[in-house]
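What follows is each chain in one-letter form.
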Amino acid sequence: MGIDSTSAAHRPIGLFDSGLGGLTVLRELERLMPDERFVYLGDTARLPYGTKGAATITRYALECASFLLRHDIKALVVACNTASSIALSALREAMPCDVIGTIDPAVARAVAVTARGGIGVIGTDATIASGAYERAIAAIAPRCTVVSHACPLFVPVVEQGMFDGEIVDKIIELYLSKFDFTQIDTLILGCTHYPLLKSAIARYVGTSVTLVDSAYPIAHELGRILEESGRLAQRRVVRAPASFFVTDEVSRFNRLAALLLGKESVTAVRTEELADDITAEQSSSPDVTIQ
Ligand code: DGL
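Residues numbered from 1 in each chain as written. Predicted model: local features only at pLDDT ≥ 70, side-chain atom pairs only at ≥ 80, totals over all residues. Heavy atoms only, no water.

## Things to note about the side chain of D43
Consideration 1: Looking at where D43 falls in the secondary structure, it is placed in the loop between β2 (38–42) and α3 (54–69).
Consideration 2: Apart from the residues lying within four places of it in its own chain, the contact partners of D43 are D17, S18, G19, Y49, Y60, C64, T247 and L274. (Helix = DSSP H or I, 4+ residues; strand = E, 2+ residues; numbered from the N terminus. Contact = heavy atoms within 4.5 Å.)

Written out as structure tokens, the structure reads:
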């Protein structure tokens, strides 16, 4: 961390995801930290991340982080479970600011709410294959049992703006019927797109299963970190709107972001130059420690 606390408070917080999913985290950050400014990057041109290999995901994550760094951010929220599962340690090494991922905050919450210690995890192929949730749960609650399944069709469905309905219900059944819900009382939505399917998922799993996602735990944890280091933004008279950037066409993102954030218009700016200031050393490093 190379940022001094007095000058850092007014700097924005950066967050990125492959697409819309990170907006579920932004929504919660804005709710809990209304005086902060946010810069959001959706890497829509390269979505989905969840079907890619570890070296590619790490390169994309480093490029997104590098772009956000140009906005003088004081903290980076990796609002993508796939990038958090695969690239968190590479991001922490590369970034001169706090980097907070999705896994540990969600796991802490799931462990706190599970009554019987049976935790289910759903996520992208890459997240589930990484075993990041199993490791994080074992580290703080070794007696919990964990069952995880990838749900690869959830992201494209959400990116189409389909959050409910007959097709969504069928896809939910396809994946969630693999769980034995007599053994699991807590289900981690291990992808930031999935909270947008929360009502439909809740209907399928019923009231005996608690759904946990990372949005609130991340916002809470980041608020704590910034407060403790004196870097929380000072109260603003007028709320500063978040800035949005996407790497693909802006209009679809605009429409869906407006829908999600309850705003009439969200400004999105096209960018295709994420990698500009990535150093050769970072972009050529294929070795990743999975976290
Ligand atoms: N929203 C992302 C996640 O939390 C990634 C979805 C994807 O691009 O596959 O994993």
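That shown, we press on.
## Considering unusual backbone geometry
Consideration 1: The peptide bond linking L47 to P48 adopts the cis configuration, its omega dihedral lying at 0°.
Consideration 2: By secondary structure assignment, the location of P48 is in the loop between β2 and α3.
Consideration 3: Here D72, not a glycine, exhibits a phi torsion of approximately 60°, which is positive.
Consideration 4: Mapped onto the elements, D72 comes out in the loop between α3 and β3 (75–78).
Consideration 5: What makes D72 partly exposed here is its relative accessible area of 40%. (Buried < 20%, exposed > 50% of the residue type's maximum accessible area, 1.4 Å probe, protein only.)

## What to know about the nonpolar core
Consideration 1: In terms of nonpolar packing, the biggest core is built from 52 residues, with L23, V77, I122, F154, L176, L187 and I201 touching the most fellow members.
Consideration 2: The next biggest cluster of nonpolar side chains, apart from the first, holds 24 residues, and it includes A65, I73, L91 and M95. (Core = buried A, V, L, I, M, F, W, Y, C linked by side-chain atoms within 4.5 Å.)

## Some details on the packing of aromatic side chains
Consideration 1: Per the counting criterion, the structure on display carries eight aromatic pairs.
Consideration 2: Ring geometry for Y40 versus F244: centroids 5.9 Å apart, planes at 45°, classification tilted. Of this pair, Y40 sits in strand β2 while F244 sits in strand β9 (residues 243–246), placing them 204 residues apart in sequence. One exposure class covers both Y40 and F244, and it is buried.
Consideration 3: These aromatic residues form a ring-pair network of at least three members: Y40, F244 and F253. (Phe/Tyr/Trp six-rings, centres within 6.5 Å; stacked < 30°, edge-to-face > 60°.)

## Concerning the sheet that holds strand β7 (residues 186–190)
Consideration 1: Across the sheet, which stays open at both edges, the four strands sit in the order β6-β5-β7-β8 with parallel pairing between neighbours. Looking at strand neighbours, the two that pair on one side only are β6 (145–150) and β8 (210–212), the edges of this open sheet. Taken pair by pair, the neighbouring strands of this sheet meet at an average axis angle of 20°, ignoring direction.
Consideration 2: Bridge analysis of strand β5 (residues 118–123) against β6 gives six bridges, and the strand direction is parallel. (Pairing = 2+ DSSP bridges. Axes fitted to C-alpha atoms, helices over the stretch in contact; angles between N-to-C directions.)

## A look at the packing of helix α9 (residues 166–176) against helix α10 (residues 198–205)
Consideration 1: Here α9 crosses α10 at 55°, and the two axes come no closer than 10 Å. Overall, the two elements α9 and α10 adopt an arrangement that is oblique. When you trace α9 past α10, the crossing you get is right-handed. Here V168, D169, I172, E173 and L176 of α9 come into contact with α10, specifically with A200, I201, R203, Y204 and V205.
Consideration 2: Taken together, the residues that form the contact of α9 with α10 break down as seven nonpolar, no polar and three charged. (Parallel < 35°, antiparallel > 145°, perpendicular 65-115°, else oblique. Left-handed = near helix turned anticlockwise from the far one by under 90°. Nonpolar A, V, L, I, M, F, W, Y, C, P; charged D, E, K, R; others polar.)

## Side note on the site of the ligand
Consideration 1: Around the ligand, 13 residues are found, and the nearest of them are S18, Y49, N81, T82 and H193.
Consideration 2: The contact in question runs from an oxygen atom of the ligand to an N or O atom on the backbone of N81, over 2.7 Å.
Consideration 3: Interatomic distance of 2.6 Å between a side-chain N/O atom of T82 and an oxygen atom of the ligand.
Consideration 4: Isolated, the ligand exposes 300 Å² of accessible area, and the fraction of that covered by the protein chains is 99%.
Consideration 5: Assessed atom by atom at 2 Å from the grid points, the ligand resides in the largest cavity.
Consideration 6: Considering only residue class, the shell around the ligand consists of five nonpolar, seven polar and one charged. (Near = heavy atom within 4 Å. Polar contact = N/O pair within 3.5 Å; in protein donor to acceptor, adjacent residues only side chain to side chain. Areas by Shrake-Rupley, 256 points an atom, 1.4 Å probe, with all protein chains shown as cover. 1 Å grid on protein atoms, 1.4 Å probe; cavity = no way out; pocket = protein on both sides within 12 Å on 5 of 7 lines; lining within 4 Å. Sits in = over half its atoms within 2 Å of the grid points.)

## Some thoughts on empty space enclosed by the protein
Consideration 1: Enumeration over the complete set of coordinates arrives at one cavity of 30 Å³ or more.
Consideration 2: Of the voids in this model, the largest cavity is the one considered here, and its volume is about 60 Å³.
Consideration 3: Around the largest cavity, the lining is made up of 13 residues, and of these S18, T82, T124, C191 and H193 lie nearest the centre.
Consideration 4: Among the residues making up the lining of the largest cavity, the classes are represented as five nonpolar, seven polar and one charged. (Points joined across faces, edges and corners; volume = space filled by probe spheres on them.)

## Brief notes about the confidence of the model for the chain
Low pLDDT means the predicted atomic positions in that stretch should not be read closely.
Consideration 1: For the chain, per-residue confidence averages 88 on the pLDDT scale, and 88% of positions sit at 70 or higher.
Consideration 2: Residue range residues 277–291 is modelled with pLDDT below 50. Its contacts to residues more than four positions away, or to other chains, number 26 contacts. (pLDDT = per-residue confidence, 0-100.)

## With respect to helix α4 (residues 81–94)
Consideration 1: For α4, spanning 14 residues, the distance from its first C-alpha to its last is 18 Å, which sits close to the expected 20 Å at 1.5 Å a residue.
Consideration 2: A bend of about 75° at A87 is the largest found in α4.
Consideration 3: Inspection of α4 places N81, T82, A83, S84, S85, I86, A87, L88, S89, A90 and L91 among the buried residues, and these make up the whole buried set. (Expected span 1.5 Å × (residues − 1). Bend = angle between axes of the 7 residues up to and from the residue.)

## Description of helix α12 (residues 250–261)
Consideration 1: In this model α12 runs 16 Å from its N-terminal to its C-terminal C-alpha over 12 residues, within 8% of the 16 Å that 1.5 Å per residue would give.
Consideration 2: What α12 keeps buried is the set F253, L256, A257, A258, L260 and L261.
Consideration 3: Once α12 finishes, G262 follows within two positions and takes phi at roughly 65°, a positive value.

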